[in-house]
Amino acid sequence: MNILAIETSCDETSCSIVKDGVHELSTTTATSAEMHELTGGVVPEVAARKQVESIVPVIEDCIKKSNITAPEEIDAIAITCGPGLIGSLIVGIEAAKALSLVWKKPLIAVNHLVGHIYGSFINNPRVEEIKFPAVVLIVSGGHTDLILMKDHMHFEFLGGTLDDAAGEAFDKVARVLGISKYLGGVVLSKLASTCTHNSLVGKLPRPMLDRDNYDFSFSGLKTAIRNYSDSDNAALACEFENAVIDVLVAKTIRAAKEYQVSSIILGGGVSANTQLRARIDVEAAVLGVNNFYPDIKYCGDSAAYIASAAFFNRCYVSGFDVQPQPSLSIMDTYPKVIHSHK
Ligand code: KG4
Ligand code: ZN
């Protein structure tokens, strides 16, 4: 079964064709990130205009690369319906509706956050080992959610951030340190890895680490960083990264123990972080639980995992009344039946 998916929730325009939910045939992604670097953050209007420019060439290129030669070889169209920027979402949704209408294919709306979970299902040689229940940590620029996933589309929200998302905290601290204006997570992590002597070990708080819940709070860290503005940037980056990861790992592992899960799954941009992966590897091995991360190229936004999420939940077919949903939570479990589409 081949699913063509479109993802336009923010500043990426992405199209993928995925076979049986796990084999990527092709993906094409355009980004307007360099334009947002100039402004130090996404300007929604600019992102939406770039979506309009990119959507058709991106879809055309993806189909060309896939070796698909006729619409008959596509079985369904999947589309991110939210959360995200409304102007960006509309562009992808309307393109997906047009393809669905012209090719007479079912349309499957996918919650972007649900999509992030399926990053670990794409081109993963160990995909058969992913068993439920699983504890899922979604750490992206906009979200930090800890979820108990009992099966495909059976989610229980355990906790999430009360303020900044993990990726957002990385980005803001990178800006405070003057090392990046936009999407500073990778740059900050690279700088942290150069720190040979961390003079600040344990100096930053580990927010909510000892609270008996699965919530997070990261906004205080960027304020705390300012108290050490005389310190070496590499030491600050290292201590900040350790503080965030200490909390993410402790709460994920605590949930894995409490719910006696079979798997730990990470998703979202921050799941690309080397330290986070290394720490989860160690803790999961101690617990005897299998852990899974997306390939680096599926940590950030990609239509590939939107296609995968649609495949594993393909009994849920949407109608043409799919609308952009800017603030969906993971518990708003799209795909869901809106009405049957013929
Ligand atoms: O999932 P994503 O591409 O976009 C959203 O849906 O939000 O996540 C982007 C976030 C950014 O905040 C970026 O700085 C962060 O992921 N990020 C990282 C790393 N790579 C990306 N944060 C820490 N370490 C990394 N290696
Ligand atoms: Zn995302």
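A few points on the structure. Only a predicted model underlies this, so the values are computations on that prediction, with no experimental measurement involved.

## Re the sheet that holds strand E2 (residues 12-19)
Here is step 1: Overall, mixed pairing links the 5 strands, which are arranged E3-E2-E1-E4-E5 in an open sheet. Edge positions in the sheet fall to strand E3 (23-31) and strand E5 (107-111), since each of these pairs with one other strand and no more. Averaged over neighbouring strand pairs, the angle between their axes works out to 20 degrees when direction is ignored.
Here is step 2: The sheet contact formed by strand E4 (residues 76-82) and E5 spans 5 bridges and is parallel. Paired with Ala78 across the two strands is Ile108, which belongs to E5.
Here is step 3: Relative to the sheet, helix H3 (residues 86-103) contacts strand E1 (2-7), E4 and E5, its axis offset from that of E4 by approximately 160 degrees.

## Some thoughts on the layout of surface pockets
Here is step 1: Approximately 1500 Å³ is the volume attributed to the largest pocket.
Here is step 2: Around the largest pocket sit 50 residues that line it, and Ser140, Gly141, Gly142, Asp171 and Leu183 are the ones nearest its centre.
Here is step 3: The set of elements that each furnish at least two residues to the lining of the largest pocket consists of E3, helix H4 (112-117), helix H5 (166-176), helix H6 (185-193) and helix H9 (274-287).
Here is step 4: Across the lining of the largest pocket, the residue classes tally to 16 nonpolar, 23 polar and 11 charged.

## Structural notes on the environment of Gln323
Here is step 1: Position of Gln323 relative to the elements: it lies in the segment after helix H10 (304-312).
Here is step 2: Taking C-alpha positions, Gln323 is 7.7 Å from Ile90, a pair spaced 233 residues apart along the chain.
Here is step 3: Excluding anything up to four places from it in sequence, Gln323 contacts Cys81 and Ile93.

## As for the site of ligand 1
Here is step 1: Inspection of the region around ligand 1 gives 21 residues, with Gly141, Asp171, Gly185, Gly269 and Asn273 positioned closest.
Here is step 2: At a separation of 3.4 Å, an oxygen atom of ligand 1 approaches a polar side-chain atom of His112.
Here is step 3: Contact distances for ligand 1 include 3.1 Å between an oxygen atom and a backbone N or O atom of Gly167.
Here is step 4: In isolation ligand 1 has 560 Å² of accessible area, and contact with the protein removes 85% of it.
Here is step 5: Assessed atom by atom at 2 Å from the grid points, ligand 1 resides in the largest pocket.
Here is step 6: Only H4, H5 and H6 provide two or more residues apiece to the shell around ligand 1.
Here is step 7: The greatest single-element share of the shell around ligand 1, amounting to 4 residues, is contributed by H5.

## Some thoughts on the state of the cysteines
Here is step 1: Counted under the stated rule, the structure contains 0 disulfides.
Here is step 2: Looking at the unpaired Cys238, the closest cysteine sulfur is the one in Cys195, lying at 4.2 Å.
Here is step 3: Under the relative-accessibility criterion, Cys238 is labelled buried at 14%.

## Let's talk about H10
Residue pairs three or four apart in sequence face the same way in an α-helix, which turns once every 3.6 residues.
Here is step 1: Of all 9 residues that make up H10, 8 are buried, and the element is covered over most of its length.
Here is step 2: Among the residues of H10, Ala304, Tyr305, Ile306, Ala307, Ser308, Ala309, Ala310 and Phe311 are the ones counted as buried.
Here is step 3: Looking at the buried positions of H10, the neighbouring elements they touch are E1, E2, E3, E4, E5 and H4.

## What about the coordination of the zinc ion (ligand 2)?
Here is step 1: Every protein donor of the zinc ion (ligand 2) is listed here as His112 (NE2), His116 (NE2) and Asp301 (OD), and their distances to the metal cover 2.0 to 2.2 Å.
Here is step 2: Around the zinc ion (ligand 2), the 4 donor atoms are arranged such that angles at the metal cover 93 to 130 degrees; this shape is classified as tetrahedral.
Here is step 3: Along the chain, the residues donating to the zinc ion (ligand 2) are arranged with the sequence spacing H-x3-H-x184-D. Remark: Asp301 occurs in the loop between strand E10 (290-292) and H10 and His112 occurs in helix H4; sequence separation between them is 189 residues.

Reading the values: rules and limits
Residues numbered from 1 in each chain as written. Chains lettered and ligands numbered in written order. Predicted model: local features only at pLDDT ≥ 70, side-chain atom pairs only at ≥ 80, totals over all residues. Heavy atoms only, no water. Pairing = 2+ DSSP bridges. Helix = DSSP H or I, 4+ residues; strand = E, 2+ residues; numbered from the N terminus. Axes fitted to C-alpha atoms, helices over the stretch in contact; angles between N-to-C directions. Contact = heavy atoms within 4.5 Å. 1 Å grid on protein atoms, 1.4 Å probe; cavity = no way out; pocket = protein on both sides within 12 Å on 5 of 7 lines; lining within 4 Å. Points joined across faces, edges and corners; volume = space filled by probe spheres on them. Nonpolar A, V, L, I, M, F, W, Y, C, P; charged D, E, K, R; others polar. Near = heavy atom within 4 Å. Polar contact = N/O pair within 3.5 Å; in protein donor to acceptor, adjacent residues only side chain to side chain. Areas by Shrake-Rupley, 256 points an atom, 1.4 Å probe, with all protein chains shown as cover. Sits in = over half its atoms within 2 Å of the grid points. Disulfide = S-S within 2.5 Å. Buried < 20%, exposed > 50% of the residue type's maximum accessible area, 1.4 Å probe, protein only. Donors = N, O, S within 2.8 Å, 3.2 Å for Na, K, Ca; no water. Tetrahedral: all angles 85-135°; square planar, octahedral: opposite > 155°, others 65-115°.

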